[in-house]
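Descriptive structure summary
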Amino acid sequence: MNSSSSETQQPMSAERPEPRAAAGAGQIVLAATPIGNMGDATVRLIDLLQHADIIAAEDTRRLHRLVSALKISTTGRIMSYHEHNEQSRTPELLGLVRDGATLLMVTDAGMPSVSDPGYRLVEAAAAEGIAVTAAPGPSAVLTALALSGLPTDRFCFEGFLPRKSGERAARLSGLAREDRTMVFFEAPHRLEPMLRALDAAFGPDRPAAVARELTKLHEQVLRGPLRELLEWAESSEVRGEIAVVVGGAPESEPEAPGDHVGAVNDLIAQGSRLKDAVATVASDARISKRELYSAVLAARGATP
């Protein structure tokens, strides 16, 4: 990966060692790694890499590149831990922690277990009462959200959408009325069909942002309505890691009682009494019976 900083000065080691859960017991530490810029590596991450008994890495080759970029060395045992072996390797790792080891869990970039391996390990550790803590740091989800210019007070992370068009459409249909800001991940070669599906599900005017190569030399954040972003993707050769942030559904205008007069009249035409028809429609529409009754009379030119 290209980084906006070609050299990184090694910070001083953390002054305090990682806490232990209890005498003789080990613990698991989930540590966030840089998502692009090596300068974002925390002092605590560097200390953990140097001193952890075991390092479980999503990709051991990327771990070695990270360690080399930080100009440090590891002393612990390095083990692979990814989506293809996490189910079988989790019991082995937990056994080592039970024997007193400090296990450091890292992924290729960002925070473990967030759209990356780590969830199974934490779930199993929690079930056994094994101590788990975190060394927080860079996060593509939060970085994209913060740079999007969209509301950040309430948001949800939806990860990668299904690749098949039908499954993707079904997922987005369920999110059409989501009023929180939504954060998605997507591969660059699938960005165009993804934006087209978002445009169809949420409407062309829904505000959104495409964040590309976050914290790297060629970082780019485009903001605008979905249709505008789709047109950009159609005419561009998109590269790099992508996060898409979409504004939540706007609040719908409250329905006025007068909007339901026709429904009341339909029930009356079918034989219902005015009072019963008003009660039925008001209950279904969740509006005031009194206001609906007044609206019906007003439409007839009568006085309530």
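Residues numbered from 1 in each chain as written. Predicted model: local features only at pLDDT ≥ 70, side-chain atom pairs only at ≥ 80, totals over all residues. Heavy atoms only, no water.

1. Focus: the overall build of the chain
For the chain, the count of helices and strands is 11 helices and 10 strands. A globule of 304 residues ought to have a C-alpha radius of gyration of about 19 Å, yet the chain, at 27 Å, is considerably larger. A principal-axis box enclosing the C-alpha atoms of the chain has dimensions of 85 × 50 × 35 Å. Burial analysis of the chain (304 residues in total) assigns 44% to the buried set. In the chain, the share of contacts with a sequence separation of at least 24, taken over all contacts with a separation of at least 6, comes to 71%. Carbon and sulfur atoms form 48% of the exposed surface of the chain, whose accessible area is close to 16300 Å². Distance from the positive charge centre (32 side chains) to the negative charge centre (40 side chains) of the chain: 3 Å. (Helix = DSSP H or I, 4+ residues; strand = E, 2+ residues; numbered from the N terminus. Rg over C-alpha atoms; globule rule 2.2 N^0.38 Å. Buried < 20%, exposed > 50% of the residue type's maximum accessible area, 1.4 Å probe, protein only. Contact = heavy atoms within 4.5 Å. Areas by Shrake-Rupley, 256 points an atom, 1.4 Å probe, with all protein chains shown as cover. Lys, Arg positive; Asp, Glu negative; His and termini not counted. Charge placed at Lys NZ, Arg CZ, Asp CG, Glu CD.)

2. A short note on the packing of helix H3 (residues 86-98) against helix H4 (residues 119-128)
Between H3 and H4, the shortest axis-to-axis distance is 10 Å and the interhelical angle comes to 45°. As summarised for this structure, H3 and H4 are arranged oblique, according to the angle between their axes. Note on packing geometry: the crossing formed by H3 with H4 is right-handed. Side by side, H3 and H4 meet where Glu-86, Gln-87, Thr-90, Leu-93, Leu-94 and Arg-98 of the first sit next to Arg-120, Leu-121, Ala-124, Ala-125 and Glu-128 of the second. (Axes fitted to C-alpha atoms, helices over the stretch in contact; angles between N-to-C directions. Parallel < 35°, antiparallel > 145°, perpendicular 65-115°, else oblique. Left-handed = near helix turned anticlockwise from the far one by under 90°.)

3. Here we look at the pairing of strand E6 (residues 155-160)
Here E6 runs beside strand E7 (residues 181-186); their pairing, made up of five bridges, is parallel. Bridged to Gly-159 within E7 is Phe-184. Remark: the E6/helix H6 (residues 165-175)/E7 crossover connection has right-handed handedness. (Pairing = 2+ DSSP bridges. Right-handed = clockwise from strand over helix to strand, strands pointing away.)

4. Quick notes on the pattern of salt bridges
Scanning the model with the defined rule gives 15 salt bridges in all. Asp-59 is the partner of Arg-61 in a salt bridge, and the nearest nitrogen-oxygen pair spans 3.3 Å. With a relative accessible area of 59%, Arg-61 lands in the exposed category. Linking Asp-179 and Arg-154 is a salt bridge whose minimum nitrogen-to-oxygen distance equals 3.3 Å. With Asp-179 in the loop between H6 and E7 and Arg-154 in the loop between helix H5 (140-148) and E6, this pair connects stretches of sequence that are 25 residues apart. Overall, the relative accessible area of 46% leaves Asp-179 in the partly exposed class. The class of Arg-154 is partly exposed, set by a relative accessible area of 43%. One salt-bridge network, held together by shared partners, links Arg-77, Arg-89 and Glu-92. (Salt bridge = Lys/Arg side-chain N within 4 Å of Asp/Glu carboxyl O.)

5. Let's talk about H3
Across its 13 residues, H3 extends 18 Å between first and last C-alpha, which sits within 8% of the 18 Å expected from 1.5 Å per residue. Buried residues of H3: Glu-86, Thr-90, Leu-93, Leu-94, Gly-95 and Val-97, and no others. For H3, the secondary structure elements touched by its buried residues are strand E1 (27-31), strand E2 (54-57), strand E3 (77-80), strand E4 (102-106) and H4. Directly beyond the C-terminal end of H3, a positive phi value near 115° is found at Gly-100. (Expected span 1.5 Å × (residues − 1).)

6. Regarding the packing of aromatic side chains
To describe a pair of aromatic rings, one takes the distance between the centres and the angle between the planes. By the definition in use, this model includes two aromatic pairs. Aromatic pair Phe-157 and Phe-185: ring centres 5.0 Å apart, planes at 65°, arrangement edge-to-face. Note that Phe-157 is positioned in strand E6 and Phe-185 in strand E7, a separation of 28 residues in sequence. For Phe-185, a relative accessible area of 14% gives the class buried. Ring centres 5.8 Å apart and planes at 65° place the aromatic pair Phe-160 and Phe-185 in the edge-to-face group. Of the two residues, Phe-160 sits in strand E6 while Phe-185 sits in strand E7, which places them 25 residues apart along the sequence. (Phe/Tyr/Trp six-rings, centres within 6.5 Å; stacked < 30°, edge-to-face > 60°.)

7. Some details on the confidence of the model for the chain
On average, the chain scores 89 in pLDDT, and the residues at 70 or more come to 90%. For the stretch residues 1-23, pLDDT sits under 50, and the model shows 46 contacts to residues farther than four places along the chain or on other chains. (pLDDT = per-residue confidence, 0-100.)

8. As for the sheet that holds E4
Pairing is parallel across the open sheet formed by five strands, whose spatial order is E3-E2-E4-E1-E5. One side of each edge strand has no neighbouring strand; the edge strands of this open sheet are E3 and strand E5 (132-135). For this sheet, the mean inter-axis angle between neighbouring strands, taken without regard to orientation, is 25°. Strand direction decides the pairing type here: E1 and E5, joined by four bridges, are parallel. For Ile-28, the partnering residue across the bridge sits in E5 and is Val-132. Its contacts with the sheet place helix H2 (residues 60-70) against E2, E3 and E4, and it is angled at close to 140° to E3.

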